[in-house]
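Survey of secondary and tertiary structure
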Amino acid sequence: MAPGFEITGFADEIAPAMDEQIAGLQATGVSWVEVRGVDGVNVLDLTDSQAEKLRSRLDDTDIRVSSIGSPIGKVDVGDDLEDHFRRFGIALQRASQLGCDFVRIFSFYHKDQNPDDVRDVVLEQISRMARAAETAGIVLLHENEKGIYGDSPERCLDLLTHAKSDHFKAAFDPANFVQCGFRPGPAFDLLADHVAYFHIKDAVADTGRVVPAGHGDGDVEQILKWADERGISGFVSVEPHLKADDPEYGGTGAERFAIAVTELRKLLDRLAG
């Protein structure tokens, strides 16, 4: 495997039940997890007691948490942002409880509004969250998701440079850039100084079909090669998003997760030479 990269993943794509998620991680030899759904419940909706029990379950199986895959920032800028900021506080708490350094966030939907018209509100909220994360000793990871303010490379850079915080970094998702009509290679070149984490899925530009790493137009192998050359290391998080009825990559959740991990490992092995 290429030096410096550690495979983790969204195990709730294996199955809703945590026992099945753990089994799927163990079957693929993955010892880290990006926690999002736990027994069908979002990680932020767990009680404190449930979060502590989850930590014990994972500790007992030698699986560690790489990040909280939170839905923070995946609301509209016109929603109640004070209430959402309180929910953000739960995400920071979960990171502490589960022993990880990262929380994944987004930069807000904006319905039919032009991104430029919501920029000030978005930047204010992101800066506010970055300050709270710094106090908590947690690093926020902004994912470039479709339809949010930071869905283009330039607006991602705007967010990252405006925050001016070591506690606000990029979780680079090549497939999401492909599906938004951007070339991931140039996007990575623009954002590389801010990238601290990767979400690994690939996509075909013409159709938007999600495929395993290296099988689409996401330039995943080249981007990880460039990252390695620049000394960027850390987690590569498998987020399969493969359809159950895909003729090449379908199957059960466990089977699709295994396919995604296998293809990523092949790619990393090629980079290792």
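Residues numbered from 1 in each chain as written. Predicted model: local features only at pLDDT ≥ 70, side-chain atom pairs only at ≥ 80, totals over all residues. Heavy atoms only, no water.

Our next topic: the layout of surface pockets. What the largest pocket holds in volume is close to 180 Å³. Residue composition of the lining of the largest pocket, grouped by class: two nonpolar, six polar and eight charged. (1 Å grid on protein atoms, 1.4 Å probe; cavity = no way out; pocket = protein on both sides within 12 Å on 5 of 7 lines; lining within 4 Å. Points joined across faces, edges and corners; volume = space filled by probe spheres on them. Nonpolar A, V, L, I, M, F, W, Y, C, P; charged D, E, K, R; others polar.)

Structurally, the α-helix is built with 3.6 residues per turn, so residues lying three or four positions apart point the same way. Regarding helix H5 (residues 153–163), the residues found buried are Pro153, Cys156, Asp158, Leu159, Leu160 and Ala163. Buried residues along H5 sit against helix H4 (115–136), strand S7 (139–143), strand S8 (168–172), helix H6 (174–179) and helix H7 (184–191). Lys164 sits one or two positions beyond H5 and adopts a positive phi of about 50 degrees. (Buried < 20%, exposed > 50% of the residue type's maximum accessible area, 1.4 Å probe, protein only. Helix = DSSP H or I, 4+ residues; strand = E, 2+ residues; numbered from the N terminus. Contact = heavy atoms within 4.5 Å.)

Moving on: helix H8 (residues 220–229). Residues of H8 that are buried include every one of Val220, Ile223, Leu224 and Ala227, and no others. Relative to the axis of H8, the buried residues are bounded by an arc of 95 degrees and lie together on one face. In the segment just after H8, Gly231 is the residue with positive phi, at about 80 degrees. (Arc of directions from axis to C-beta.)

This part is about the sheet that holds S7. With parallel pairing, eight strands are arranged side by side in an open sheet as S1-S12-S9-S8-S7-S6-S5-S2. With one partner strand each, in any of the chains shown, strand S1 (5–9) and strand S2 (32–35) form the two edges of the open sheet. For this sheet the average axis-to-axis angle between neighbouring strands, irrespective of direction, equals 30 degrees. When strand S6 (residues 102–105) meets S7, the two strands line up parallel, connected through four bridges. Across the sheet, Phe102 pairs through a bridge with Val139, a residue of S7. Contacts between H8 and the sheet are confined to S1, S8, strand S9 (195–200) and strand S12 (234–238), with S9 contributing the most and set at about 160 degrees to the helix. (Pairing = 2+ DSSP bridges. Axes fitted to C-alpha atoms, helices over the stretch in contact; angles between N-to-C directions.)

Further remarks concern the pairing of S8. The element S8 is extensively covered by neighbouring structure, given that five of its five residues are classed as buried. Two strands pair when backbone bridges link them, and S7 and S8 are joined in this way by four bridges, in the parallel orientation. Bridge assignment links Leu141 to a residue of S8, and that residue is Lys169. Once the chain exits S7 it traverses H5 before rejoining the sheet at S8, and the crossover so formed is right-handed. (Right-handed = clockwise from strand over helix to strand, strands pointing away.)

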